[in-house]
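Each chain, letter by letter, is given below.
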Amino acid sequence: MKRAGILRGMAYGAEFLLLYLLQQVPGLFPEISYSLPVLLIPAVVTAAFFEEEVPAMVCGLFCGLLMDFGSGSFLGAKALEFAIGGYCVSFLASDFLKTNLLSAVVSTLALGGIFTLLQCIFTALFPGNSESGYLLLYHLLPRTLYTAVFAVPLYYLNRFLATRLRAPADP
Amino acid sequence: MKKESQKKNLGKLLMVCVLMGCLMLSTAAFSSSGLGGAVNLLLMPMQRVSAALSGQITANAEETATSKEDLLSENEDLKAQINDLNRQLINYDTLKRENEEYKKYLGLKEENQDYQLLAAEVIAKDPDDLYGSITIDQGSRDGVSKNDPVITDAGLLGWVSEVFPTSSRVTTLFHADAKFGARDSQTQETGIMSCTVQSADEGYLRMNYLDSTTKVQEGDLVVTSGLAVESGFGGLFPRNLTVGTVKSVSRSESDASLYALVQPAVDLKNPKDVMVITNFAGKSAADENTASSGGNS
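Residues numbered from 1 in each chain as written. Chains lettered and ligands numbered in written order. Predicted model: local features only at pLDDT ≥ 70, side-chain atom pairs only at ≥ 80, totals over all residues. Heavy atoms only, no water.

Draft legend 1. Region of interest: the overall build of chain B. Helix and strand content of chain B: six helices and 12 strands. Sequence separation of at least 24 residues holds for 62% of the intrachain contacts in chain B that already meet a minimum separation of 6. Total accessible area on chain B is roughly 15600 Å²; 54% of this is exposed by carbon and sulfur atoms. (Helix = DSSP H or I, 4+ residues; strand = E, 2+ residues; numbered from the N terminus. Contact = heavy atoms within 4.5 Å. Areas by Shrake-Rupley, 256 points an atom, 1.4 Å probe, with all protein chains shown as cover.)

Draft legend 2. View of the confidence of the model for chain B. Predicted confidence across chain B gives a mean pLDDT of 79, with 76% of residues reaching 70 or more. In the predicted complex, the global pTM is 0.75; the interface-specific ipTM is 0.78. (pLDDT = per-residue confidence, 0-100.)

Draft legend 3. Inspection of the sheet that holds strand β12 (residues 273-279) of chain B at higher detail. Residues and elements named next belong to chain B. The six strands are arranged β1-β2-β5-β4-β3-β12 in a closed barrel whose pairing can be described as antiparallel. Between one strand axis and the next, the sheet turns by 45 degrees as a mean value, whatever way the strands run. With two bridges joining them, strand β3 (residues 149-151) and β12 adopt antiparallel strand pairing. The partner of Val150 across the bridge, within β12, is Val276. (Pairing = 2+ DSSP bridges. Axes fitted to C-alpha atoms, helices over the stretch in contact; angles between N-to-C directions.)

Draft legend 4. Local environment of the side chain of Thr214(B). Residues and elements named next belong to chain B. With respect to the secondary-structure elements, Thr214 resides in the loop between β8 (205-210) and β9 (221-228). Side chain to side chain, Thr214 and Glu189 meet in a polar contact 2.8 Å long. In contact with Thr214, other than residues within four places in its own chain, are Glu189, Val249 and Leu258. (Polar contact = N/O pair within 3.5 Å; in protein donor to acceptor, adjacent residues only side chain to side chain.)

Draft legend 5. Broad picture of the packing of aromatic side chains. This structure, assessed with the given rule, holds 11 aromatic pairs over all chains. Ring geometry for Phe50(A) and Tyr155(A): centres 5.5 Å apart, planes at 45 degrees, overall tilted. Of this pair, Phe50(A) sits in helix α2 (residues 40-50) while Tyr155(A) sits in helix α7 (residues 151-164), and the two are 105 residues apart along the sequence. Phe50(A) sits in the buried class, given a relative accessible area of 15%. Residue classification places Tyr155(A) among the buried positions, given a relative accessible area of 3%. Through successive ring pairs, a cluster of aromatic residues spans Tyr12(A), Phe16(A) and Phe62(A). Across from the ring centre of Tyr259(B), 3.7 Å away, lies the NZ or CZ of Arg206(B), which sits over that ring. (Phe/Tyr/Trp six-rings, centres within 6.5 Å; stacked < 30°, edge-to-face > 60°. Buried < 20%, exposed > 50% of the residue type's maximum accessible area, 1.4 Å probe, protein only. Lys NZ or Arg CZ within 6 Å of the ring centre and 35° of its normal.)

Written out as structure tokens, the structure reads:
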């Protein structure tokens, strides 16, 4: 039981690391409305659908820290966002949401939207950028939509990992 | 039972929140480059490999698509031979291109004996950054320091905004902090370069505060004036680096001055091979100014 959990954790870790590297490769994904997808958002959301609150939070924490180290801004800011996001999605998925593709895509859109609003507030609105509205409309919202597309393959990938790397007695 | 478990989990979430809050406060108070540098040290080789693989895959995909008909008509040995030759040709073309680029930089170096240039490759682009900053494969171990100008063979690209031991983050001229002195090389008129998100989306920079009787016109070449701006990124660009060409001149929305839309000479959105100017005449004075003012970026 424990072995399966460790294996699953390692698989998620490798997946998140690979996605982090992929999302940073220059020119790999085409820019849509000046935006590139943030693959770690759907990765955390879809993993949270198949994990309990604490493992989902750890997944979010790992992805958030990767983003923090990559961005060079406040360490811990993204980690906090992603950890709370992973926890909440897992909590909602266990009690209120059906575990299916549609729920995963809608959750990715919702969480991506919240992250987008937070980024707009803290990196554009508060520092006094007069173009916050433009940034939100033409950069951040298209990025959220673009990112949500990747919830489809990642939902199936994480479902595969969660079902294959789980002991029969696991919840 | 379930409620108790949820309470425990919530406690763990709160603990993580407090920990991350402390981490944020500590990085706000002290520099984050130590921990960030250590992680970047681990990630950099992987970023380098993924960037190289991506380039190779694109090249191979193009190669397969263009010679598919020929390959179908030949046997397996010839396929391998052709692929091998093509690979050699790609390497040859890459080396030839690099050689030509270095020749261009050689001209720049001859014109500016004081420049110390360091070649670097773009290994990552942050999708979460609003202004599209990039990461290069040279860091403090190679002599890169904060605010060093970054150029391509066509002209100015941006500046080093963060330095790790083996990699550095480069902010391009499309960033809101990219304010610096510029000069029209034909009329010698000076202005302040800046950029808005909208003008960046359209692919232009703005040369502000031109006099209402300005003689700046379409097609003029704009170069750096060597002057720093107080509200800029905190560093200084050397004189006469190419910024771009004037596209149009219009009246400012906020005052009586005019501004020129400048098309950057460099592809600021997709740079590949760059050079870092690690030293130039006047850099030490700029560094002292930055240190005394506490920096601005």
